[in-house]
Structures are given as structure tokens and as C-alpha cells.
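Okay, here's what each chain looks like letter by letter:
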Amino acid sequence: MNATVREEARWTRATLGRDGRPLDLLTARFDRHRYAPHAHDEFTIGVCVGGSEIIDYRGGRIHTGPGSIVVLAPGEMHTGGPAASDGYAYRALYAEPSLLTEGTLGGLPHFRDPVLDDPELAAALRTAHTELSVCPDPLEAESRLPWLLTALACRHSTARPACDTVPGAAHIAHAVRDRLADELQAPPSLASLATDFGLSRYQLLRAFRTAMGIPPYAWLAQHRVTRARGLLESGLRPAEVATLVGFADQAHLTRWFRRVLGVTPAAYRASVSPSP
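Just so you know, these numbers come straight off a predicted model, no measurement behind them.

Draft legend 1. Expanded view of the sheet that holds strand β5 (residues 53-57). Strand order in the open sheet formed by four strands is β3-β8-β5-β6, and the pairing between neighbours is antiparallel. Each edge of the sheet is formed by a strand with only one pairing partner; in this case those strands are β3 (35-38) and β6 (60-63). Recorded for the sheet is a direction-independent mean angle of 20 degrees between the axes of neighbouring strands. Of the pairings in the sheet, the one linking β5 to strand β8 (residues 78-82) comprises three bridges and is antiparallel in character. Within the sheet, the bridge partner assigned to Ile 54 lies in β8 and is Gly 81.

Draft legend 2. Just the sheet that holds strand β4 (residues 43-51), in detail. Spatial ordering of the open sheet is given by β1-β2-β9-β4-β7-β11, a layout of six strands whose pairing is antiparallel. Taken across any chain shown, the strands that pair with only one partner, and hence form the sheet edges, are β1 (7-15) and β11 (115-116).

Draft legend 3. Geometry of a nonpolar patch on the surface. Nonpolar side chains collect at one region of the surface, where Val 260, Leu 261 and Val 263 lie side by side and expose about 180 Å² of accessible area between them. With respect to the helices and strands, the residue Leu 261 is situated in helix α8 (residues 250-261). Using a relative accessible area of 31% as the deciding quantity, one classes Leu 261 as partly exposed.

Draft legend 4. Geometry of the packing of helix α3 (residues 169-182) against helix α5 (residues 201-212). Their axes nearest at 8 Å, the elements α3 and α5 cross at an angle of 95 degrees. When the axis of α3 is compared with that of α5, the two are roughly perpendicular. Residues Ala 169, Ala 170, Ile 172, Ala 173, His 174, Val 176 and Arg 177 of α3 touch α5, and the partners they reach there are Leu 204, Ala 207, Phe 208, Ala 211 and Met 212. Residue composition of the contact of α3 with α5, by class: 10 nonpolar, one polar and one charged.

Cut-offs used in this document
Within each chain, residues carry numbers counting from 1 in the order of the written sequence. Selection of residues for local features in this predicted model requires a pLDDT of at least 70, selection of side-chain atom pairs for listing and counting requires 80 or more, and totals for whole chains, interfaces and linings are taken over all residues. Side-chain numbers here rest on the full set of heavy atoms in the structure, without hydrogens or water. For two strands to be treated as a pair, DSSP must find no fewer than two bridges joining them. Every helix listed is a DSSP run of H or I at least four residues long, and every strand listed is a run of E at least two residues long, numbered separately from the N terminus. Angular values range over 0 to 180 degrees, each being the angle between N-to-C directions of two axes fitted as lines to C-alpha atoms, with helices fitted over their stretch in contact. Patch members must show over 30% relative accessible area and no salt bridge, and they are joined within 9 Å when carrying like charges or within 5 Å when they are nonpolar side chains of Val, Leu, Ile, Met, Phe, Trp or Tyr. Each accessible area is a Shrake-Rupley result for a 1.4 Å probe, and residues are judged covered by the shown protein chains and nothing else. In what follows, salt bridge is the name for a side-chain nitrogen of Lys or Arg lying within 4 Å of a carboxyl oxygen of Asp or Glu. Relative accessibility thresholds used throughout: buried, under 20% of the residue-type maximum; exposed, over 50%; partly exposed, between the two (1.4 Å probe, protein chains only). Oblique is the label for every angle not falling under 35 degrees (roughly parallel), over 145 degrees (roughly antiparallel), or within 65 to 115 degrees (roughly perpendicular). The contact criterion used is simple: two residues touch if any of their non-hydrogen atoms lie within 4.5 Å. Note on residue categories: nonpolar means Ala, Val, Leu, Ile, Met, Phe, Trp, Tyr, Cys or Pro, charged means Asp, Glu, Lys or Arg, and polar means any other residue, Gly included.

Honestly, that's just the spatial picture; any functional story needs more than this.
Written out as C-alpha cells, the structure is:
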């Protein structure tokens with residue numbers, strides 16, 4: 001009996017900050033599907049996670065393999081299909097060109113080679129894609145994706161890194177931290193905060209990471225966990241607490257609670273509740 005043919009594709013839309021621009025994420029696994037020639041207005045940035053794909057692009061044919069990054073330029077016609085009988089699987093995001101120029105100089109980046117070997121960046125892109133597909137938190141998307149896309153352009157394109165030294169980084173980071181803490185249920189976008197300081201979003205991210213050691217979304221998540229502890233200790237249920245501290249839902253709270261404290265919110269609540 002033939003094995004079941006797998007033809008799966010799931011789209012998720014992330015928003016880059018509150019009221020920000022959307023960015024589409026695709027998770028795909030195909031055994032036989034072949035794309036007709038087409039183009040996108042955005043950069044197509046994919047990470048192969050299984051099998052191998054053949055892509056017709058710029059008059060040639062490229063091959064992907066597990067761990068490779070593929071970058072297809074806006075407006076460039078391309079196809080895609082399986083290179084072998086075991087099919088292909090990948091994660092892709094569709095980034096507006098401006099996202100690859102925030103921290104760079106030299107205009108629109110040009111990638112001479114569409115297939116890139118960069119295991120560290122591939123792993124980071126795949127992790128960000130997976131986690132944002134599960135929970136497309138706006139601040140998390142805005143903290144992670146512009147940072148990774150700037151790294152992609154700086155490492156592998158004709159673009160040059162812009163100066164990212166930000167005078168007064170500690171002061172800026174502390175001011176951003178305070179705004180996030182004050183508005184934890186609906187935090188402001190990094191783009192709007194950057195405008196307040198006369199910075200680019202990438203410069204704001206650089207200043208925050210330099211001073212705090214972690215990106216803004218990670219700092220806010222840990223602050224929310226601290227607030228959640230107090231509410232759980234008061235007897236509130238995890239589902240109630242998640243909403244009160246700004247997590248998307250109980251699963252989002254649980255993911256971060258375990259990362260920070262090593263236990264689930266329910267287990268923590270049970271451990272601190274007075275004995276009957």
C-alpha cells in the first residue's frame with residue numbers, strides 16, 4: 001500500500017507591533033506539489049527543514065537541503081517542487097523590503113547567491129518562525145524579525161551595516177522598559193517608541209539589547225511572569241491571570257512561566273496556596 005501523500009500548508013499572519021504592518025508566515029510540507037511560476041512583492045525568506053526542493057530562479061535552477069536559507073528577491077519569478085520522492089518541507093516568511101534596510105546602508109540589499117549556508121541564522125529564523133506561528137504576539141514579532149532580517153542582509157547581501165552605536169543607550173532602554181511595564185496589556189510598538197527618541201527601530205532594539213541583555217519582548221514577558229506570580233498567589237486562576245498581565249492566552253502564559261520558573265502556572269498556584 002502506498003504511503004499517504006502529505007500536502008500541507010498553513011499560513012499565519014504576524015503584526016509587527018501594535019497597529020503595525022502584517023507579515024505572513026508559511027509552514028509547508030509537500031510530497032508532490034509544484035508551484036506554477038509566480039512572484040511576490042516581498043522578499044521570500046525560507047528555511048528548508050526537510051527533504052529537498054528545486055526552484056527555478058533567475059534563469060537557473062537551485063536546490064535546497066535541510067538547514068539551508070533561501071532568499072528570493074521581490075518581483076522575481078520562481079517555481080518550486082520536490083527534488084526527490086520524499087518531498088520537501090520549509091518555513092517561509094514574506095518581508096517587505098524596508099525590513100531588510102532598517103539597520104543597513106546601500107539601499108535595497110542584493111543577494112548574489114539565493115541559497116545560503118548559515119546554520120546559526122537558519123536555526124534562529126526557524127525558531128522565531130515556529131514560535132510566532134503558534135503565538136503571533138505583536139511585540140515579539142517586532143522585537144525578533146527586524147533584528148534577524150538585518151543580520152541576514154548584513155551577513156549575506158551587498159548591504160553594509162549602519163552604525164548601531166546609540167548614545168545614551170541605558171537611558172533609552174530604561175525609558176522603554178518603563179513604558180512597557182506601564183502598558184503591559186497593550187504595549188506600544190517599538191516603531192512608535194523609536195520615533196519618540198529620534199531613532200530607527202533597529203537602533204532602539206540595539207540600545208535595549210545592549211543595556212538590558214535581552215530584547216524588549218523577552219523583558220516584558222519576564223515582567224508579566226513576575227506580576228502573574230502575585231496574582232496566582234492571591235488565588236486567581238491561570239486563565240484569568242493571563243489576561244490581566246497581557247499574555248495572549250493561558251498557553252502563552254504557561255510557555256513563559258515554565259521558561260522563567262520551571263513550572264506551570266497551575267503547579268505554582270497549587271504550591272503556594274494555603275493548605276486546607
